[in-house]
Amino acid sequence: MGRAGLEAPPPPCDVTVTPGARGLQGRVGPRPQSLAFRGCPPRASSPPASPRCRRRCHTMAFVTRQLMRSVSSSSTASASAKKIIVKHVTVIGGGLMGAGIAQVAAATGHTVVLVDQTEDILAKSKKGIEESLRKVAKKKFAENPKAGDEFVEKTLSTIATSTDAASVVHSTDLVVEAIVENLKVKNELFKRLDKFAAEHTIFASNTSSLQITSIANATTRQDRFAGLHFFNPVPVMKLVEVIKTPMTSQKTFESLVDFSKALGKHPVSCKDTPGFIVNRLLVPYLMEAIRLYERDFQTCGDSNSGLGFSLKGDASKEDIDTAMKLGAGYPMGPFELLDYVGLDTTKFIVDGWHEMDAENPLHQPSPSLNKLVAENKFGKKTGEGFYKYK
């Protein structure tokens, strides 16, 4: 038995209670017998406690202290584990995805700051958001145009813009990054913002191909870092992939799930695996469509001897698109979708996967795709890809 169990408890500290102007007041010190509490006999008449009794008192006191510490610790842990209610959002990147995320966040009552490198980019982003909002309002408030105008103005009023990310993240709850798909650039951005953001701020990347863990490692808040992958066009597409790394805390994960729901989206969960869910299945499908097309025309034999000829192979891109729309019920064929997403984006994803797993036949590069990207034909955004849009 430890020494504490053998020692007698210290003399009790007596308290005198007297009525005062502010109610009952206490005084610490020896208690005069004349003011002893009713039912408490004078100390002189109390028999000395036995050693066994003293040990029991000490044991009970020790257990009580431990219990109180446990309750206090549990309360503190419970308080720290409370989910973050995201109210203020900072979106880094004023492109198609960033502007879309800013729009849906503002339209659902969040305060938003949209950040990009120049005022010209931000002005273009804000104009695009306004045009998109008016389309939404026209449909949502078809019978009340005035209410639609009010909706647009109110939403736009909650979106501020800035060219200095570090100066606006100090009071934000969530930073969503939607910039170029380049790991080095993303790491530099988050490393810098990590120094200025508040302790509770959650960082999230909208990357569609890079490993979230590799981005999070540039910061000191790996537990408050996750993937938040939206789909284009953000105001229309309901899905959001919430990516949880091995270091992402449950508190962060649940906070992002709740935020996604608050945006009117349907969140799904996925581990930090290449391509997450949708792109892991979609990109190989798109690449196989290209391979069908690449086998469309093949030169056979020896053309120099006059015996060469062109063999029409599997299918044309038009027939492949038609087949998948009418046969599989897809709203867009694979080549239409490739042009819509951006051929440069698809090539970047495939090249990254090929670098990680060069032997995988699903990750092999495409000569047709590489040629179009080298010619700066990225799809709809440049006016030409597999199809022409001018």
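Before any of the text, the structure's been laid out above.
What comes next concerns the included structure. Bear in mind the structure is a predicted one, so any value in this text is a computation, not a measurement. (Residues numbered from 1 in each chain as written. Predicted model: local features only at pLDDT ≥ 70, side-chain atom pairs only at ≥ 80, totals over all residues. Heavy atoms only, no water.)

Let us look at the pattern of salt bridges. Going through the model one piece at a time under the given rule, you end up with 20 salt bridges. Residue E199 is joined to R224 by a salt bridge in which the shortest nitrogen-to-oxygen separation is 3.5 Å. Within this pair, whereas E199 is found in the loop between α5 (183-196) and β7 (202-205), its partner R224 is found in the loop between α6 (212-216) and β8 (225-230), the two being separated by 25 residues in sequence. Relative accessible area serves as the criterion here: at 62%, E199 is assigned to the exposed category. Since its relative accessible area comes to 15%, R224 is described here as buried. Linking K377 and E375 is a salt bridge whose minimum nitrogen-to-oxygen distance equals 3.2 Å. (Salt bridge = Lys/Arg side-chain N within 4 Å of Asp/Glu carboxyl O. Helix = DSSP H or I, 4+ residues; strand = E, 2+ residues; numbered from the N terminus. Buried < 20%, exposed > 50% of the residue type's maximum accessible area, 1.4 Å probe, protein only.)

Attention now moves to the packing of helix α8 (residues 278-294) against helix α11 (residues 343-356). It is at 11 Å that the axes of α8 and α11 come closest, and there the two elements cross at 105°. Judged by the angle between their axes, α8 and α11 are roughly perpendicular. Along the contact surface, α8 presents N279, R280, V283, P284 and M287, while α11 presents T346, I349, V350 and W353. Counted by class, the contact of α8 with α11 contains six nonpolar, two polar and one charged residues. (Axes fitted to C-alpha atoms, helices over the stretch in contact; angles between N-to-C directions. Parallel < 35°, antiparallel > 145°, perpendicular 65-115°, else oblique. Contact = heavy atoms within 4.5 Å. Nonpolar A, V, L, I, M, F, W, Y, C, P; charged D, E, K, R; others polar.)

With glycine set apart, most residues show a phi of negative sign, and most peptide bonds adopt trans. A cis amide bond links N232 with the next residue in sequence, P233, at an omega value of -5°. The residue P233 is located in the loop between β8 and β9 (239-244) in this model. Unusually for a residue other than glycine, F276 sits at a positive phi of about 55°. Structurally, the position occupied by F276 is in the loop between β10 (266-271) and α8. Although it is not a glycine, N376 sits at a positive phi angle of roughly 60°. Examined against the element boundaries, N376 turns out to sit in the segment after α12 (367-374).

On to helix α7 (residues 250-262), then. Given 3.6 residues to a turn, an α-helix orients residues that are three or four positions apart in the same direction. For α7, with 13 residues, the first-to-last C-alpha span of 18 Å sits near the 18 Å given by 1.5 Å per residue. Those residues of α7 not exposed but buried are T252, F253, S255, L256, V257, F259 and S260. Looking at the buried side of α7, the elements it contacts are β3 (88-92), β6 (174-177), β7, β8, β9 and β10. G264 sits one or two positions beyond α7 and adopts a positive phi of about 85°. (Expected span 1.5 Å × (residues − 1).)

So, about the environment of S205. Summarising the element assignment, S205 is placed in strand β7. Classification of S205 by relative accessible area gives buried; the value is 0%. Counting along the chain gives 38 residues from S205 to I243, while the straight-line C-alpha distance between them is 9.3 Å. Excluding anything up to four places from it in sequence, S205 contacts E177, K186, F190, I212, I215, F225, A226, G227, L228 and H229.

Bringing the packing of aromatic side chains into the picture now. Following the criterion strictly, the structure yields eight aromatic pairs and no others. When the ring of F141 is compared with that of F151, the centres are 5.6 Å apart and the planes differ by 40°; the resulting orientation is tilted. Here the residue F141 occupies a position in the loop between α3 (119-140) and α4 (145-157), and F151 occupies one in helix α4, the gap between them amounting to ten residues. Ring centres of Y285 and Y330 lie 5.7 Å apart, and the angle between their planes is 80°; on these two criteria the pair is classed as edge-to-face. With Y285 in helix α8 and Y330 in the loop between α9 (317-327) and α10 (334-341), this pair connects stretches of sequence that are 45 residues apart. Here R221 stacks its cationic end above the ring of F203, 4.6 Å away from the centre of that ring. (Phe/Tyr/Trp six-rings, centres within 6.5 Å; stacked < 30°, edge-to-face > 60°. Lys NZ or Arg CZ within 6 Å of the ring centre and 35° of its normal.)

The residue S209 is located in the loop between β7 and α6 in this model. Reaching out from S209, the side chain makes a polar contact with the side chain of E181 at a distance of 2.9 Å. Beyond its immediate chain neighbours, meaning those up to four positions away, S209 contacts E181, F348, I349 and W353. (Polar contact = N/O pair within 3.5 Å; in protein donor to acceptor, adjacent residues only side chain to side chain.)

Attention now goes to the pairing of β10. Relative to β10, β9 runs parallel, the two sharing six bridges. Note that in β10 the partner of V240 across the bridge is P267. After leaving β9, the chain enters α7 and then returns to the sheet as β10, a path that is right-handed. (Pairing = 2+ DSSP bridges. Right-handed = clockwise from strand over helix to strand, strands pointing away.)

The next point concerns the sheet that holds β3. Here we have eight strands laid out as an open sheet, ordered β5-β4-β3-β6-β7-β8-β9-β10, and mixed in their pairing. Looking along the sheet, the strands with just one partner apiece sit at the ends: β5 (159-162) and β10. Taking the axes of each pair of neighbouring strands and ignoring which way they run, one obtains an average angle of 25° across the sheet. Pairing between β3 and β6: four bridges, direction parallel. Counterpart to V89 in the pairing with β6 is L174. Those strands touched by helix α2 (residues 96-107) are β3, β4 (111-115), β5, β6 and β8, and its axis lies near 165° from that of β4. Along the sheet, α7 makes contact with β3, β6, β7, β8, β9 and β10, crossing β9 at roughly 175°.

What follows covers the side chain of S162. Examined against the element boundaries, S162 turns out to sit in strand β5. You can call S162 buried: its relative accessible area is 11%. Only 3.0 Å separates the side chain of S162 from the backbone nitrogen of D164, close enough to count as a polar contact. Residues in contact with S162, not counting those within four places in the same chain, are V113, L114, V115, D116, L122, S167 and V168.

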